[in-house]
Amino acid sequence: MNSTVVPSLRYRDMPALIDWLCSNFGFERRLVVPGADGSVVHAELALGGGLLMLGTHADDAYGALLTTPEKTGGLQTQTIWLHVENADEVYSRVVESGAAILQTIDDVAQGGRAFTCRDPEGHVWQVGTYDPWAG
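Let me sum up the structure you'll find in this document.

Attention shifts here to the overall build of the protein. Scanning the protein from terminus to terminus reveals two helices and eight strands. Overall, the protein shows an N-to-C arrangement of helices and strands of β-α-β-β-β-β-α-β-β-β. For the protein, the spread of C-alpha atoms along the three principal axes comes to 45 × 40 × 25 Å. In the protein, which comprises 135 residues, the proportion classed as buried is 33%. If you take every contact in the protein between residues at least 6 apart in sequence, the share linking residues at least 24 apart comes to 54%. For the protein, the accessible area works out to roughly 8200 Å², and carbon and sulfur atoms hold 52% of it. The averaged location of the 17 negative side-chain charges in the protein is 4 Å from the averaged location of its 8 positive side-chain charges.

In this section: the nonpolar core. Nonpolar side chains in soluble globular proteins generally cluster together in the buried interior. One finds L21, F25, F27, L54 and W125 to be the most contacted residues of the largest nonpolar core, which totals 28 residues. Among the secondary structure elements, those contributing two or more residues to this core are β1 (8–11), α1 (14–25), β3 (40–47), β4 (50–56), β5 (80–83), α2 (87–97), β7 (113–118) and β8 (124–128). Per-element tally for this core: the top contributor is α1, with seven residues. The contact partners of F27, leaving out residues within four places of it in the chain, are L21, C22, L45, A46, L47, L52, L82 and W125.

Residues three or four positions apart in an α-helix share a direction because the helix packs 3.6 residues into each turn. All of the buried residues in α2 are A87, V90, Y91 and V94. When α2 is viewed along its axis, its buried side chains cluster within an angular range of 105° and face the same direction. If you follow the buried residues of α2, they end up packed against α1, β6 (101–107), β7 and β8. After α2 finishes, the residue G98 shows a positive phi value of roughly 90°.

The two faces of β5 differ: I80 and L82 on one face are buried, but W81 and H83 on the other face are not. As defined by bridge partners, β5 adjoins β8 across four bridges and the pair is classed as parallel. Bridged to H83 within β8 is G128.

On to the pattern of salt bridges. Between side chains of opposite charge, a pair can form when the charged atoms approach closely. Enumeration according to the criterion identifies seven salt bridges in this entry. With a closest N to O distance of 2.3 Å, D19 and R29 form a salt bridge. Taken together, the positions of D19 in helix α1 and R29 in strand β2 (residues 28–34) put the pair 10 residues apart, joining distant regions of the chain. Residue classification places D19 among the partly exposed residues on the basis of a relative accessible area of 41%.

The rules behind these values
- Residues numbered from 1 in each chain as written.
- Predicted model: local features only at pLDDT ≥ 70, side-chain atom pairs only at ≥ 80, totals over all residues.
- Heavy atoms only, no water.
- Helix = DSSP H or I, 4+ residues; strand = E, 2+ residues; numbered from the N terminus.
- Buried < 20%, exposed > 50% of the residue type's maximum accessible area, 1.4 Å probe, protein only.
- Contact = heavy atoms within 4.5 Å.
- Areas by Shrake-Rupley, 256 points an atom, 1.4 Å probe, with all protein chains shown as cover.
- Lys, Arg positive; Asp, Glu negative; His and termini not counted.
- Charge placed at Lys NZ, Arg CZ, Asp CG, Glu CD.
- Core = buried A, V, L, I, M, F, W, Y, C linked by side-chain atoms within 4.5 Å.
- Arc of directions from axis to C-beta.
- Pairing = 2+ DSSP bridges.
- Salt bridge = Lys/Arg side-chain N within 4 Å of Asp/Glu carboxyl O.

Below, the structure is given as structure tokens:
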């Protein structure tokens, strides 16, 4: 059996966030499932060997288990580590997009460079060159 972990996030404005994630972090659209009203109900974005699943906020059984960063005052119970080859390049795009930078780019203890930001709907992303697979 080939198991893996795939983070899943929910957003209000899926088309805008899909564009933002692709433009700023380099994700590629793998699957985008449109809703009847022209919205996006599910998406899968790929980056290297990783995958991110996205869904639209909904008042359903799964949605009752979740909240939004907006409703928690921005507090998170988890973040996503995004390994990139050139953190300075990604940092520049993210800054230019107007995203909130929580920790500016710098050298980090585990090696490489990293920064922390919020996406337009408030999810926290840590982005850096440290590759946990390389040890």
